[in-house]
Amino acid sequence: MTDLKSAAIAVRENAHAPYSNFQVGAALRTASGAVFAGCNVENVAYPQGTCAEAGAIAAMVAAGEREIAEVYVVAGSPMPVTPCGGCRQKLAEFGGGDVPVTMATVAGVEQRTTLGELLPGAFSQAFLDTDA
Ligand code: THU
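Anyway, here's the lowdown on the structure attached to this text. Every value quoted in this text rests on a predicted model; they were computed, and no experiment measured them. Within each chain, residues carry numbers counting from 1 in the order of the written sequence. Two thresholds apply to this predicted model, a pLDDT of at least 70 for residue-level local features and 80 or more for giving and counting side-chain atom pairs, whereas whole-chain, interface and lining totals are computed over all residues. The side-chain numbers reported here are obtained from all heavy atoms of the structure, hydrogens and water having been left aside.

For the rest of this paragraph, the subject is the site of the ligand. In this text, near means that some heavy atom of the residue lies within 4 Å of the molecule or strand in question. Every residue close to the ligand is listed here: S20, F22, V24, N40, E42, C51, A52, E53, T82, P83 and C84. Under the rule applied, a polar contact is a pair of N or O atoms within 3.5 Å (in protein, one hydrogen donor and one hydrogen acceptor; residues adjacent in sequence only if both atoms are side-chain atoms). In the model, an oxygen atom of the ligand is placed 2.5 Å from a nitrogen or oxygen of the E42 side chain. Isolated, the ligand exposes 370 Å² of accessible area, and the fraction of that covered by the protein chains is 76%. Side-chain classes are defined by residue name, with Ala, Val, Leu, Ile, Met, Phe, Trp, Tyr, Cys and Pro counting as nonpolar, Asp, Glu, Lys and Arg as charged, and the others, Gly among them, as polar. For the shell around the ligand, a count of residues per class yields six nonpolar, three polar and two charged. Accessible surface is estimated by sampling points in the Shrake-Rupley manner with a 1.4 Å probe; for residues, cover comes only from the protein chains shown.

Encoded structure:
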């Protein structure tokens, strides 16, 4: 886990967050053991900004990987930063409910949960069966 944590802490330094001043770092470990990291990238047209988790997922998919095994997210928040609703759905695209998610503060407080706890009742491929 230390490699995931250090990757998330390091990539957070590169966050582009001039509007919120809230820098976030995310790191994913895939089933192969590889680690991918991402930071939030804001935009002057505010809705165009992207979350740290989305950046890490994009890096993972660009590298040809699709199976998330573990997630670490860190921010300078007073309590461990929780992935936003949209990012929970994005993570669920590539990871099952049992995938561990560690939410952390820069000060070192950590809270462990799972993707299933973060997004119960996730929309999934099963709903796209339109025969019913
Ligand atoms: N943010 C993330 O990058 N990940 C999250 O899970 C929560 C929010 C970013 C989006 C925006 O750039 C800033 O944090 C403030 O909302």
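Any two strands with at least two DSSP-identified bridges between them are counted as paired. Put simply, DSSP H or I for four residues or longer makes a helix, DSSP E for two residues or longer makes a strand, and each gets a number counted from the N terminus. Within the open sheet, the five strands sit side by side as β2-β1-β3-β4-β5. Their pairing is mixed. Edge positions in the open sheet fall to β2 (35-39) and β5 (110-114), since each of these has one partner strand only. Direction aside, the axes of adjacent strands within the sheet are offset by 15 degrees on average. Inspection of the sheet shows strand β1 (residues 24-30) paired to β2 by five bridges, in the antiparallel sense. Axis geometry follows a simple rule: fit a line to the C-alpha atoms, using only the stretch in contact for helices, then measure angles between N-to-C directions, giving values from 0 to 180 degrees.

A separate point is the pattern of salt bridges. Salt bridges are counted wherever a side-chain nitrogen of Lys or Arg sits within 4 Å of a carboxyl oxygen of Asp or Glu. All chains considered together, the criterion is met by five salt bridges. Between R29 and D3 there is a salt bridge, and its shortest N-O distance comes to 2.8 Å. Taken together, the positions of R29 in strand β1 and D3 in helix α1 (residues 2-12) put the pair 26 residues apart, joining distant regions of the chain. Burial classes: relative accessible area under 20% of the type maximum marks a residue as buried, over 50% as exposed, and values in between as partly exposed (1.4 Å probe, protein chains only). Accessibility expressed as a relative area gives 14% for R29, which makes it buried. Note that R112 is salt-bridged to E70, the shortest N-O span being 3.7 Å. In this pair, R112 is assigned in strand β5 and E70 in strand β3 (residues 68-75), connecting sequence segments 42 residues apart. Note on E70: relative accessible area 13%, which makes it buried. Residues joined by salt bridges that share partners form a network here, namely D3, R29, E70 and R112.

Any pair of Phe, Tyr and Trp rings, taking the six-membered ring for Trp, is counted once the centres come within 6.5 Å. Such a pair is stacked with planes under 30 degrees apart, edge-to-face with planes over 60 apart, and tilted for the rest. Evaluated as defined, the whole model comprises two aromatic pairs. Ring centres 5.5 Å apart and planes at 45 degrees place the aromatic pair Y19 and Y46 in the tilted group. A residue pair is termed long-range when its members are at least 10 positions apart, and Y19 in the loop between α1 and β1 and Y46 in the loop between β2 and α2 (52-62) qualify at 27 residues. Taking relative accessible area as the criterion, Y46 reaches 59% and is therefore assigned exposed. Summarising the aromatic geometry, the rings of F123 and F127 are spaced 5.3 Å apart at their centres and angled 15 degrees between planes, so their arrangement reads as stacked. Given a relative accessible area of 49%, F123 falls into the partly exposed group.

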